[in-house]
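Coordinates in review
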Number of protein chains: 6
Amino acid sequence: MFKHDKQLLKDVRVDGPNPNYANMLQEQLGGPQGELKAAMQYLSQSYRIKDPRIKDMFLDIASEELSHMEMVATLVNLLNGHQVDAYNTTVGNIEASVLTGLTPMLANASGYPFTAAYVNETGDLAADILSDIAAEQRAKVVYQYLYRQINDSGVREAIDFLLNREEAHNTLFRMAFNMLEETGSLKDWGVTEDSKQYFDLSTPGKFFDANNLTNPKPPKFNIPNQQNTQQPAGIRQ
Amino acid sequence: MFKHDKQLLKDVRVDGPNPNYANMLQEQLGGPQGELKAAMQYLSQSYRIKDPRIKDMFLDIASEELSHMEMVATLVNLLNGHQVDAYNTTVGNIEASVLTGLTPMLANASGYPFTAAYVNETGDLAADILSDIAAEQRAKVVYQYLYRQINDSGVREAIDFLLNREEAHNTLFRMAFNMLEETGSLKDWGVTEDSKQYFDLSTPGKFFDANNLTNPKPPKFNIPNQQNTQQPAGIRQ
Amino acid sequence: MFKHDKQLLKDVRVDGPNPNYANMLQEQLGGPQGELKAAMQYLSQSYRIKDPRIKDMFLDIASEELSHMEMVATLVNLLNGHQVDAYNTTVGNIEASVLTGLTPMLANASGYPFTAAYVNETGDLAADILSDIAAEQRAKVVYQYLYRQINDSGVREAIDFLLNREEAHNTLFRMAFNMLEETGSLKDWGVTEDSKQYFDLSTPGKFFDANNLTNPKPPKFNIPNQQNTQQPAGIRQ
Amino acid sequence: MFKHDKQLLKDVRVDGPNPNYANMLQEQLGGPQGELKAAMQYLSQSYRIKDPRIKDMFLDIASEELSHMEMVATLVNLLNGHQVDAYNTTVGNIEASVLTGLTPMLANASGYPFTAAYVNETGDLAADILSDIAAEQRAKVVYQYLYRQINDSGVREAIDFLLNREEAHNTLFRMAFNMLEETGSLKDWGVTEDSKQYFDLSTPGKFFDANNLTNPKPPKFNIPNQQNTQQPAGIRQ
Amino acid sequence: MFKHDKQLLKDVRVDGPNPNYANMLQEQLGGPQGELKAAMQYLSQSYRIKDPRIKDMFLDIASEELSHMEMVATLVNLLNGHQVDAYNTTVGNIEASVLTGLTPMLANASGYPFTAAYVNETGDLAADILSDIAAEQRAKVVYQYLYRQINDSGVREAIDFLLNREEAHNTLFRMAFNMLEETGSLKDWGVTEDSKQYFDLSTPGKFFDANNLTNPKPPKFNIPNQQNTQQPAGIRQ
Amino acid sequence: MFKHDKQLLKDVRVDGPNPNYANMLQEQLGGPQGELKAAMQYLSQSYRIKDPRIKDMFLDIASEELSHMEMVATLVNLLNGHQVDAYNTTVGNIEASVLTGLTPMLANASGYPFTAAYVNETGDLAADILSDIAAEQRAKVVYQYLYRQINDSGVREAIDFLLNREEAHNTLFRMAFNMLEETGSLKDWGVTEDSKQYFDLSTPGKFFDANNLTNPKPPKFNIPNQQNTQQPAGIRQ
């Protein structure tokens, strides 16, 4: 069950209305690396997770991403201002002026509506977590681009928070990944000859070769300075 | 420049026509974890890569994925048989019978056309490679599902090959990832307080906590049994 | 902020796995009249609502729809069973077997991914609430179709609950609608000649005519047996 | 059968070419509240309607919406002018300059192609008419936004006409709705306990409560000043 | 302006309900080679056509395609029968049972909603007419596939009519094409060296070569047995 | 099998970065008349082609279109420059600044992602080749529009080359078309009365009439100045 608290996860403010900034920020509301995508991906994946520790972590993060989405939408809403005027929007889409009456839209910066085609779920925990680590890294990158281009102290404060939270999630997903045994798609990794070949199909240039693939191992993250990666604190199961 | 050799990367055959198997296999032709997606993702990402070793590797793999796509399409074509008859297709979409005249279609098993919304590219090498590692893992999982359900010795041979190649690519992408310095989205990782918090938003249950996040590090893969991960063999740049 | 309670809004169970039923039920997970759509529509609209009573109601209902989505996804997950086998799915899409590993998918019964193109938001409260009343009515209809076709006592219990909740929301949205003054798109209704014409463009047949349009009024719902429609109980603003 | 008369339903003109205005107006050609959507929704719904009076009304309005689409497309065509030049289009999409050679496009203001995902049809007359009333209200809102932003006397004249016609349709759909008996999705309304609950899931704030839901009734419109709502004039069936 | 006549362009009937046939036929209602696509393509293109003879022909054919769409939808409606039951639909999508309540849907056989991405329009008359000739040929092919697979005498009668009408349109479009002077995209055809090269990029095999390209000419159709191709009868401009 | 040569099919350069030009050129990377579409259409169609001469020609052209795509992507990449800044993009989409980090995107000028809904394939060779002739003509038109609007000598040089290559392909496809016998969708052309009617559904105006349709023939191209159209040089089969 989801419950809503009218208090935002972290309060947001803007220096002033700026429909162009609103448009850019839309990218993280309804785009492929956005908050709705993240929330839906983790929530969807959680249904098949058996380990209660990892399932809980997925649901914690999914809920947080929904709360991020609310923060981003609130920022877009403030930036959209009070007057429909397509001419105020010199970059990106103009749907706020001609369709939504300034309401934040579940679309990216160019007006392409959110699609669940962005959401990756496989039923295989290793593949799902790797997808999530990658998703968090991409979300961080998009926030970095937005930070550079949006010269509004309120928006930057929020982006700084959101960007750092993606890092925290990234760390958590890696910890969860390292807890996996060699099951599912991690089983029998690299035991065939085919998995040890290098096909040099683009010429000229051959920098990697088959010697590097002699003893392929399934992916595992190196988290040297962290304690407890095999035994997460607080397991009370 | 792309050149085509009428010889397949690896020859394929089927036990006999089976439109249902054709349909299932379509998933890897035009679906989100399919070969066209993989080829387009790596090719698109390659344009911004500066390190000639990694760029070459991306183009080698992109070309191989195009060649995989051709193998999968050839299998679908053989499995589609010789007679348009929607009643032969009891699972999945029926476009082969009512639209494409049995020609392999750039769509998934349910007839949803390929969309570039599946393709992730960020201009940030760390994020792109993590996306590719995840994509390879997901592709492997889908091939595992198909292998279990398609009882045709020819198709299984091909899937076995393709699945193992995804593992090889996975290994290569991880090696490339470990060559990255802490630049781009890997810079200044986990230096803020926000990046070390755990928000326990789903209750009951709290298995991970903030202690685990004390010294967050950017992602790095553990590839213990491989030689030369920092100095790939064969660099002749 | 959204918080998650691992307790479902109402517990669900199924008589047993049935991938076909899972497929049908997907319609209300990721389809145009589904729970994700409802949640996203009401949440998005809420950002521009000024009346705190109506805004609160929208957020109450949006949260409930998210919780409905979780119930539906849990049912789909149970119905999907434990074995990927496309042949088990004789109706609808086969993505659960070839892509998601039985994980519930944000797509409709035919595998078309959820799109925010389903979500209507206009920034005009009258138009938004009428959209919501219509959405609730359509959601009820789809549940009625599913109820008739899914012969599983657990699923039927859940559908019965969900269907009745859509009625409750429908009533609430109508009460909120009747609270609106004649502002926004309700202002100056029917004052021109053009708004009182009937164009008889399909022949033969003319059953409605201009006399019926003499004194057009903006929409208002007739809720005769309800007390307090103008003064909702519990206003403590 | 559809027949075409080269005479527009109402003649249109523009003050002069203005690609930005053309772009904005595209929203009502190929967008979610646009004329093609309206025509397709009413036409599609009409196939299952049994009451000849209501069926006739749906076909009258569907034909009119097609004729509206032609008016809007003619306006877009005039506004697009005579020279492909993307730099003339500072707001919205640039497809007219780089793809369609200034031909009106079945897309919204941001270039997103029309999709039938916008079209709602349920086979249930009550749900369909409520959808249509909401659709007309949203169309009116979008025209109001466009009117404010497009400072061209010809376009405004046309919008004024179109906007008022949406009001006329709205009135007609409400009259048709009130003719429905309590069948289909209107049957057995609000007879369960579940349909009379209020779930207060967003806190703080509780303005509506269960007392308001004591005697829920199916929707009915209040059309006090209209004669003949139960007996539409001109029924000659 | 479009007017509707309740008389179909040609009456249709079916031997009996058959949801599978309904599904297959959907391909020509909302698919890429379907009637809605054809109508929208010709109508959209017509706005930029200056030659009144060709413009009239486009509008004649566009209106006919709309009327075809109505015939196809009526057939689908009859074939859908009277009972929502997804199990009746063993091939193709099940939206009629779980979403539209048996109402014909603007989607293809697999449930993919109609998209204007199917519609080609360029503002260049030569390119547009070639697109239309190709579209008519494809539509004919799809109807041939459907004819073979749908064993219902009523549907076959209708398909036979529709298929032959596509041929008539095809002939007309070719006559119109031959009326074009060498303007627009037909101007200065094949005057550069680049337009006379053959690049042999797929090996082995080289069957066409540059000698064939020595004197390239713009496309022109050979219509030997037709009178009056340069001077269409009935020109009264 | 596809092999990649790091040498472009033809070298490209730009006068300097220009994100607006980059955006316009995107149309031919991921749009409906773009290079990816062309490559995928010809490759997909090739699987069902039996005549080795025509199959080879399709694969030669498909490989060339992939190589064109690489040229266009390289141009977009150069034009995108070195700095993410949405304000540099006053026309078209801003995804390069907020999502892809200046990497070329498989989307059109307005940011709509490439979809395989653009790809036409029917399994009927006549319909497929007519589709390809039309596609080449449309691609030429789009390049002509881009040439006029992009004032960069490097880009114009490349467009000039690409545009002329489309002409060469167009000629080749017509030669291949003329090699077809009257089979498949060309068989029994115009033998019914229905295929010889003209329906005058748009009034006023009747410029074409039934007399023109007396002896309809299947399409055939007139290539008067070309030698060897029935016997392509170099057939060594």
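Residues numbered from 1 in each chain as written. Chains lettered and ligands numbered in written order. Predicted model: local features only at pLDDT ≥ 70, side-chain atom pairs only at ≥ 80, totals over all residues. Heavy atoms only, no water.

1. Quick notes on the interface of chain D and chain A
The criterion, for reference: Here, two residues are considered to be in contact whenever any of their heavy atoms come within 4.5 Å of each other. A 1.4 Å probe defines the accessible area here, and the buried area is the portion of it lost by two parts on being joined, summed over both. We define a salt bridge as a side-chain nitrogen of Lys or Arg found within 4 Å of a carboxyl oxygen belonging to Asp or Glu. Helix and strand definitions follow DSSP, with helices as H or I runs of at least four residues and strands as E runs of at least two, each counted in order from the N terminus. A strand pair is defined by DSSP finding two or more bridges across the two strands.
Counting residues at the interface gives 23 residues for chain D, matched by 23 residues for chain A. A combined buried area of about 1800 Å² lies between chain D and chain A, and 56% of that area is made up of carbon and sulfur atoms. Of all residues in chain D, Y145, Q149 and L201 of chain D give up the largest surface area on contact with chain A, accounting jointly for 27% of the area buried on that side. Inspection of the region where chain D meets chain A yields zero salt bridges. Only α1 (19–30), α5 (125–149) and β2 (202–203) of chain D provide two or more residues apiece to the side of chain D that touches chain A. Among the elements that make up the side of chain D that touches chain A, the one with the highest residue count is α5 of chain D (five residues). Sheet topology note: the strand β1 (residues 2–5) of chain A/β2 of chain D ladder contains two bridges and is parallel.

2. Regarding the sheet that holds strand β1 (residues 2–5) of chain F
The pairing of strands in a sheet comes from backbone hydrogen bonds and takes either a parallel or an antiparallel form. The mixed open sheet is built from four strands, whose spatial order is β2(A)-β1(F)-β1(B)-β2(E). Here the strands that pair on one side only, and so sit at the sheet edges, are β2 (202–203) of chain A together with β2 (202–203) of chain E.

3. Observations regarding the relation of the copies chain C and chain D
Note the cut-off: A residue counts toward the fit only if its pLDDT is at least 70 in both copies, and the copies are then superposed by least squares on the C-alpha atoms of those residues.
Mapping chain C onto chain D calls for a screw motion: a turn of 180 degrees about the axis and a shift of 0.0 Å along it, with 0.0 Å RMSD after fitting. Seen this way, the second copy is the image of the first under a two-fold rotation axis. Of all interface residues in chain C, 100% are interface residues in chain D too; the two copies therefore contact each other through one and the same surface.

4. Here we look at the pairing of strand β1 (residues 2–5) of chain E
When strand β1 (residues 2–5) of chain D meets β1 of chain E, the two strands line up antiparallel, connected through three bridges. Looking across to β1 of chain E, one finds that F2 of chain D is bridged to H4 of chain E.

5. Some points on the arrangement of the chains
Considering only C-alpha positions, the minimal separation of the non-contacting chain B and chain D is 14 Å. The closest approach of any C-alpha atom in chain A to one in chain E is 14 Å; the two make no contact.

6. Describing the relation of the copies chain D and chain A
Once chain D is rotated about the relating axis by 120 degrees and shifted along it by 0.0 Å, it coincides with chain A to within an RMSD of 0.0 Å. One copy is carried onto the other by what is essentially a three-fold rotation axis. Residue by residue, only 13% of the interface of chain D is reproduced at the interface of chain A, so the copies engage with different surfaces.

7. Comments concerning the sheet that holds β1 of chain D
The four strands lie next to each other as β2(C)-β1(E)-β1(D)-β2(F), forming an open sheet whose pairing is mixed. The sheet is open, and its two borders are formed by β2 (202–203) of chain C together with β2 (202–203) of chain F, each paired with just one other strand.

8. Here's the deal with the packing of aromatic side chains
Applicable threshold: Note on aromatic contacts: the rings of Phe and Tyr and the six-membered ring of Trp form a pair at centre separations within 6.5 Å, being stacked when their planes are under 30 degrees apart, edge-to-face when over 60 apart, and tilted otherwise. Only protein chains enter the accessibility calculation, which uses a 1.4 Å probe; a residue whose area is less than 20% of its type maximum is buried, one above 50% is exposed, and one in between is partly exposed. Placement of a positive charge over a ring is assigned whenever Lys NZ or Arg CZ falls within 6 Å of the ring centre and within 35 degrees of the normal to the ring plane.
Across all of its chains, the model carries 50 aromatic pairs over all chains by this definition. An angle of 75 degrees between the planes, with centres 5.3 Å apart, marks the rings of F58 of chain A and F173 of chain A as edge-to-face. You can see F58 of chain A sitting in helix α3 (residues 52–80) and its partner F173 of chain A sitting in helix α6 (residues 153–179), a full 115 residues away along the chain. Accessibility expressed as a relative area gives 0% for F58 of chain A, which makes it buried. Aromatic side chains F114 of chain D and F114 of chain E sit 6.3 Å apart centroid to centroid with 50 degrees between the ring planes, which places their arrangement in the tilted category. A residue pair is termed interchain when its members come from two chains, as with F114 of chain D in the loop between α4 (95–98) and α5 and F114 of chain E in the loop between α4 (95–98) and α5 (125–149). Ring pairing ties together the aromatic residues F114 and Y118 of chain A together with F114 and Y118 of chain C, which thus form one cluster. In this structure, R156 of chain D is placed above the aromatic ring of Y147 of chain D, and the distance from its NZ or CZ to the ring centre is 4.9 Å.

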